[in-house]
Amino acid sequence: MSPQDWEKVSELFEAVEGLGPPERAAFLDRECGDSPEIRREIESLLAAHSDAGDFINVPIVPDLQFPARENNANSLAGARFGHYVIERSIGSGGMGDVYLALDTRLNRRVALKTLPGVFARDPSFAKRFRNEAKAAAGLNHPNVATVYSVEKINNRPVITMEYVEGSTLDHETPDQGLDIVTFLDWFTCLSDALAHAHERGVVHRDVKPGNIMIAKDGTPKILDFGLARIDVRAVQAVRQSAVDQSITQPGQVIGTPAYMSPEQAEGKDIDIRSDIFSFGVVMYEAITGVRPFSGDSHAEVVSNLLRTDPPLVSKLRPEIPASIARLISRCLVKSPRGRIQSMDEVNSILSEVWTTFSRGSSRNHSLRRLYREFHPTSPKWIVATALLVIVAAVGANYYFNSTRATPAVSFADLTFRRLSQAGDVVYAHITPDGRSIVFNTIEPDEKRAMWIRRVEDKNALQLLPPQQVAFWGGLAISADGSDVFYITADWSARHGTLYKVSSLGGAPRRLVDTVNDLGSLSPDGERMLYVRYGPQVQILSAKTSDGSDETVHYSAAAGTIVRDPHYSSDGRQIYFSKVENVGRIEYWSLIEVPLTGGSERTILPQRRERINELAVLTGGRGIVVNQEDPNSRFNQLYHVDTATGTETRVTNDLNSYFGVSISSQGDQIVTAHRQSLNDIWVGETGNHASFRKVTREPNVFEIASWTPDGRIIYDVLDNNVPHIWMLEPESGVSRQLTPSDSPGFGPRVTPDGRYTIFTSERTGERKLWRMNLDGSEPVLLTNVEGEAFSGRIAPDGRNVYFRWRRADRESLGVIPVDGGDATELPLFGETYWALSSDGSQVAYVIRGTGNEPAKVALRRINEAEPYRILDIDPIHVFRWAPGDKALIYRLREGGVDPFTTLWIQDTESDEVKMFHSSKPNNIFNIDLSADGKRMAAVQGKIVTDAVMLSKVANSK
Amino acid sequence: MTDRSKPDITQLLLAWRAGEQGALDDLMPLVLNELRRIARNFMRRQSPDHTLQTTALVNEAFLRLVDSNRVNWQDRNHFFAMSARLMRRILVDFARKKNSLKRGGDKVLVTLDDRAEIAIEKQTDLVALDEALSRLAAMSPRQSQIVELRYFAGLTEEQIAETLEISARTVRRDWNMARAWLFRELKSTDD
């Protein structure tokens, strides 16, 4: 169209536009009668005009906005973003989008949250943002999704967080609310997490179900700690930057107000008490399935929040304990001052209910308390058992040996399943029908309780309330599961009392006094076996109905120890373990005696390893025993063929099991599983107040070793497989060095920082390996006959000492770090030894005989005899102090806090000082940095849980 | 030390107004840089009363670049007109670069500066609009310019009227006409 025509069209268009349709036609007829082209154009433009809506009406630039959200989240999938590779979008929170990303440097998956570029440009904001994110990153709690990093990538501020796979609480909450046990399990943890944060001055500000993840393993985790404020600022900043004010309503509430505190909804300053209110709302909804404050609009929600009180929880769910209903009401008080004041208090109320209603919650039991129950009759056992557990971290010599002969009864393909989580179990037994477990727990104030629950159901019924007694000798359960037999004793008593209690609850019935150990019930259920220590040691039985008709089956001289007598499956024999002293050394054996009397028969001949408990399989298929493993010193399960005495491993791992029980089908074993939860702590040598935890998960196995540049190589036990990791203590960032199919443990770093030496069974046998500090170039160092383990680098850094075990002898091997032939030396004592840093002398432990404690010998390396003997019996930590004038060690027992204290003793003056305290954790290992100024310590706690080993469907 | 950019730009502006077309070619990159720089500063400031408006942005660019003692209000309007064209060019260039996203996505990321990311609500296919505007300019340069000033530079009808020295009514008429025509054009390219 020519400009002239166009001008005409424009004029007519303006004129016709103001007319109604009838007039338009007449107007156009009149004006464009001779020019149909112009008429068509005008009609077309009129139509376009009425269709155009807001087309280009709003200037493009005022529409400019900061990219609050990425235009298309999925378009980033697979994209590289700094050293992250975005896998997929996992949602958006506040102003940022959240992606699942792979951190390629650490090779771990993270939740990566992007924030608007606005933040990169405001220095004061950037600073605040960093500070807040740092505070959040400082939170180290199993129920908080850890903030890993705050960084700028492509000028975009980014937060990376622990990626929690699972679903949010709102998705996990059924319409009618959670069952009380799940509720208590989760909210006790969550309140502890919030208390932990509040203690550190971090207020969450956005506690809501969408910010609570239930991980796949059932662990609840709070997300986005302390980031809410950042989000709010982000929203404000972006809105300020936008021209279109219609999207910015002053005082507009960001997100849903349903979980806000009244003060927050009113825009007032908030503190930890706001979190408490929000937590109350979340609890209310979780337990009732109903939101306490709701409405059709945000305004209505806020109005309800400010003015109304929700229906009482007890009205909606009358069966909920009153203390829980009351707690929720106390959290929901509108005035912050009238509200419950601390998350600690919320946590302690929840814990208390948890304890009384469902399960024990005490996690801080001491070793001593635990062991008294297992070994009530002999004080030395207390120590011995405690040692075994501590040795868990020392032993380390052992990892999944290849299995040997095929057992008569196959225990292959067992699946391991944890039945409890609280870490407070004493005994756990399965009922013969395999459907329920009965277990004892440690409760607050050292009390003990007993529970029963279905294997498949978390809800436990309390059979015995917490009481100030010890349980002795395990449990016995009648074939139909209706009665549970047990012994309780006062803490300092010499004997206990045998009771039975119905598995439906009710008052226990006292059956026999003056008993010391409990055995099994006869196959017909009429009688029960037990042990009494008196002038003689006796195995007796009595009627299960009332404890009458006591009969002696076996007697031995006082001083003999017999344990856990069990009827054979036909009821004609009794099996038990027996201890005899040869000299002063204990030897254990497994014995069979006929019920009717007669000579005893040895099934398992005498050995140093303890045979702790038994469980008899039905149909004469043998016995499962809980026995100390000769290599690892952990208690493991073995199957014993009673006819041949053939012993076959059932378990072969780095756990320690306590007790054993088996279903009558023989396909389910329940036992208590004990493990150490260890972390690495780092601080200034000699200043234990300066120590802080640097690992994020308590899965450290045993060794932490400094690199010359201040990093730490350590081992981790991951699903019972040991691996070697590298940790940067400042950042807490760690990564795995050993490939997943090539485990390893016990790493030591050479002083020049070239290599780490470690033990691995990747060839099927324990050998020493060497690799570079980044995990590259693994090399088999000890290509020698037999096993090589416990590698220690010589002070000169050129050689590696190791324990060398061959079929006929055990010795000390020496091999150059760079490889070569191994030289054989006699052992420096049987257990711990330490070379001085100048290599001129060795300190080593001489094992005492019998009850005599071990001692430490000091010997010059070129002399045959020690020049000094010290009265110390060290365990686990044993080394020369820098300067070679003193020894640092931990004691096996005795003294003050033996498990949590390291001592330093001058080897000339014998002056002893405390060197380090790991209280309340036990300490397992230390390493000093090259200059001696910094110390890394492996410290942790021991937890015991009920576990079930069961056969998966036959693999044949 | 004197700031050499100011006299240059003012000189170029004066030359352009005097009819030297070459002056515009020299002027544009300088103004472009300044627009980007100012846009960045606007974003950095983040105070509630400062919003990113092209008008304000161009105003500030003018004040910074041009020696106001030597130019009159008409020069300022020229500058606005030129800036509108520059904005159009900046935005369309970016839209063209991001063309792969164009049809599917509803937003286009535009970078005025490496530190200032701006997302455009992409209700409009900028590349097609640009082409249509060029065709429109062949029939009516004024209508094309009005669209430029209003849509790309964010000027009000009154400001446009002042800049182009026409009546506000003409601005409105031309705008309605141009908008209808552009809408039809873009619709037909979509089909």
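Residues numbered from 1 in each chain as written. Chains lettered and ligands numbered in written order. Predicted model: local features only at pLDDT ≥ 70, side-chain atom pairs only at ≥ 80, totals over all residues.

*Asks:* If you had to explain the overall build of chain A to someone new, which residues and values would you point to?
*Replies:* Along chain A, the regular secondary structure elements total 16 helices and 55 strands. In chain A, which comprises 956 residues, the share counted as buried stands at 47%. Considering only residue pairs separated by 6 or more positions, chain A has 48% of its internal contacts joining residues 24 or more positions apart. (Helix = DSSP H or I, 4+ residues; strand = E, 2+ residues; numbered from the N terminus. Buried ≥ 20, exposed ≤ 12 C-beta atoms within 10 Å, placed from the backbone. Contact = placed C-beta atoms within 7 Å.)

*Asks:* How would you explain the overall build of chain B if you had to name every residue and give the values?
*Replies:* Of regular secondary structure, chain B possesses nine helices and two strands. Along chain B, helices and strands appear, N-terminal first, in the series α-α-α-α-α-β-β-α-α-α-α. Looking at chain B residue by residue over its 191 residues, the buried ones come to 40%. Look at the contacts in chain B between residues 6 or more apart in sequence, and 59% of them connect residues 24 or more apart.

*Asks:* Give a detailed account of helix α7 (residues 141-152) of chain B, specifying residues and quantitative values.
*Replies:* Residue and element names in this part refer to chain B. For α7, spanning twelve residues, the distance from its first C-alpha to its last is 15 Å, which sits close to the expected 16 Å at 1.5 Å a residue. For α7, every residue scored as buried is listed here: Q143, S144, Q145, I146, V147, E148, L149, R150, Y151 and F152. Note on α7: the residue one or two positions beyond its end, G154, has a positive phi of about 75 degrees. (Expected span 1.5 Å × (residues − 1).)

*Asks:* Which residues make up the sheet that holds strand β35 (residues 712-718) of chain A, and what values do they have?
*Replies:* Residue and element names in this part refer to chain A. Pairing in this open sheet of four strands is antiparallel, and the strands run β34-β35-β36-β37 from one edge to the other. What marks the edges here is a single partner per strand, and that holds for β34 (700-706) and β37 (733-736). Taken pair by pair, the neighbouring strands of this sheet meet at an average axis angle of 25 degrees, ignoring direction. Judged from the four bridges that link them, β34 and β35 form a sheet pairing that is antiparallel. Residue S705 lies in a different strand from β35, and its bridge partner there is I713. (Pairing = 2+ DSSP bridges. Axes fitted to C-alpha atoms, helices over the stretch in contact; angles between N-to-C directions.)

*Asks:* Quick rundown of the nonpolar core? Include the residues and the values.
*Replies:* As a rule of thumb, nonpolar side chains are buried together in soluble globular proteins. All names here are of chain A. Y530, I623, V624 and A946 are the most contacted members of the largest nonpolar core, which has 77 residues in total. Per-element tally for this core: the top contributor is strand β15 (residues 470-477), with six residues. In contact with V624, other than residues within four places in its own chain, are A615, L617, L637, H639, V650, V660, I662 and I669. The next biggest cluster of nonpolar side chains, apart from the first, holds 72 residues, and it includes Y99, I287, L327 and V353. (Core = buried A, V, L, I, M, F, W, Y, C linked by C-beta atoms within 7 Å.)

*Asks:* Describe in detail unusual backbone geometry, supporting the description with residues and values.
*Replies:* Residues and elements named next belong to chain A. Its identity is not glycine, yet T514 carries a phi of approximately 55 degrees, on the positive side. Tracing the backbone shows T514 in strand β18 (residues 509-515). The exposure class of T514 is partly exposed, given the 14 C-beta atoms found within 10 Å. Phi at D549 is positive, roughly 60 degrees, even though this residue is not glycine. Mapped onto the elements of the fold, D549 is located in the loop between β21 (536-543) and β22 (551-557). On the basis of neighbour count, D549 is assigned to the exposed category, with 11 C-beta atoms found within 10 Å.

*Asks:* Give me the pairing of strand β43 (residues 799-805) of chain A: which residues, what numbers.
*Replies:* On a regular strand, each side chain points to the face opposite its neighbour's, so the side chains alternate between the two faces of the sheet. Residue and element names in this part refer to chain A. As defined by bridge partners, strand β42 (residues 787-793) adjoins β43 across five bridges and the pair is classed as antiparallel. Each bridged residue has a counterpart across the sheet, and for R792 the counterpart in β43 is Y801. Following β42, the chain reverses through five residues before pairing antiparallel with β43; G797 in that reversal takes a positive phi of roughly 75 degrees. With seven bridges connecting them, β43 and strand β44 (residues 810-816) associate as antiparallel partners. Looking at the pairing, R805 lines up with E810 of β44. Hairpin connection, β43 to β44: the antiparallel pair is bridged by four residues.

*Asks:* Any chance you could break down the sheet that holds strand β49 (residues 868-870) of chain A for me, citing the residues and the numbers?
*Replies:* Working definition: the strands of a sheet are paired by backbone hydrogen bonds and lie parallel or antiparallel to each other. Residues and elements named next belong to chain A. Taking strand neighbours across the sheet as the criterion, the four strands line up as β46-β47-β48-β49 in an open arrangement whose pairing is antiparallel. Both outer strands of the open sheet, β46 (833-835) and β49, are each paired with one neighbouring strand and no more. Across this sheet, the average inter-strand angle for adjacent strands is 20 degrees, counted without regard to direction. In this sheet, strand β47 (residues 841-846) lies alongside β46 in antiparallel orientation, the contact comprising three bridges. Within β47, the position partnered with L835 by the bridge is V842.

*Asks:* How would you sum up the packing of helix α1 (residues 3-17) of chain A against helix α2 (residues 21-31) of chain A? Please name residues and give values.
*Replies:* Residue and element names in this part refer to chain A. Across the interface, α1 lies against α2 with an axial gap of 10 Å and an inter-helix angle of 155 degrees. The angle between the axes of α1 and α2 places the two elements in the roughly antiparallel class. Relative to α2, α1 is oriented so that their crossing is right-handed. Counted together, L12, A15 and V16 of α1 and R24, F27, L28 and E31 of α2 form the full contact between these two elements. Of the residues belonging to the contact of α1 with α2, the class tally is five nonpolar, no polar and two charged. (Parallel < 35°, antiparallel > 145°, perpendicular 65-115°, else oblique. Left-handed = near helix turned anticlockwise from the far one by under 90°. Nonpolar A, V, L, I, M, F, W, Y, C, P; charged D, E, K, R; others polar.)

*Asks:* Got a sec to walk through the pairing of strand β27 (residues 611-616) of chain A? Specific residues and values, please.
*Replies:* All names here are of chain A. Within β27, six of the six residues are buried, which leaves it mostly tucked inside the rest of the structure. Both β27 and strand β28 (residues 623-628) contribute to a ladder of five bridges, which runs antiparallel. Residue E613 lies in a different strand from β28, and its bridge partner there is N626. Adjacent in sequence and paired antiparallel, β27 and β28 are bridged by six residues, among which G619 carries a positive phi angle near 70 degrees.

*Asks:* So what about the confidence of the model for chain B? Which residues, and what values?
*Replies:* Detailed reading of the predicted coordinates is not advisable wherever pLDDT is low. Residue and element names in this part refer to chain B. Averaged over chain B, the pLDDT score is 65; the fraction of residues at 70 or greater is 41%. Long-range and interchain partners of residues 1-7, a stretch whose pLDDT sits below 50, account for five contacts in this model, where long-range means more than four residues apart. Here residues 100-123 is modelled with pLDDT under 50, and outside its nearest four sequence neighbours on either side it reaches 52 contacts, counting other chains as well. Interface confidence for the predicted complex, expressed as ipTM, amounts to 0.70; the pTM equals 0.42. (pLDDT = per-residue confidence, 0-100.)

*Asks:* Residue-level account of the environment of A15 of chain A, with values.
*Replies:* With respect to the secondary-structure elements, A15 of chain A resides in helix α1. Measuring from C-alpha to C-alpha, the distance between A15 of chain A and F27 of chain A comes to 8.9 Å, with twelve residues separating the pair along the chain.

*Asks:* So what's going on with the confidence of the model for chain A? Residues and values would help.
*Replies:* Residues and elements named next belong to chain A. Taken residue by residue, chain A gives an average pLDDT of 80. The fraction at 70 or more is 82%. For the stretch residues 62-75, pLDDT sits under 50, and the model shows 37 contacts to residues farther than four places along the chain or on other chains. In this model, residues 358-408 is a region of pLDDT below 50 whose contacts with residues beyond four sequence positions or in other chains number 122 contacts.

*Asks:* Now, about the environment of P535 of chain A: what can you tell me, with residues and values included?
*Replies:* Summarising the element assignment, P535 of chain A is placed in the loop between β20 (527-533) and β21. Each C-alpha atom of the pair P535 of chain A and A556 of chain A lies 9.5 Å from the other, and the pair is 21 residues apart in sequence.

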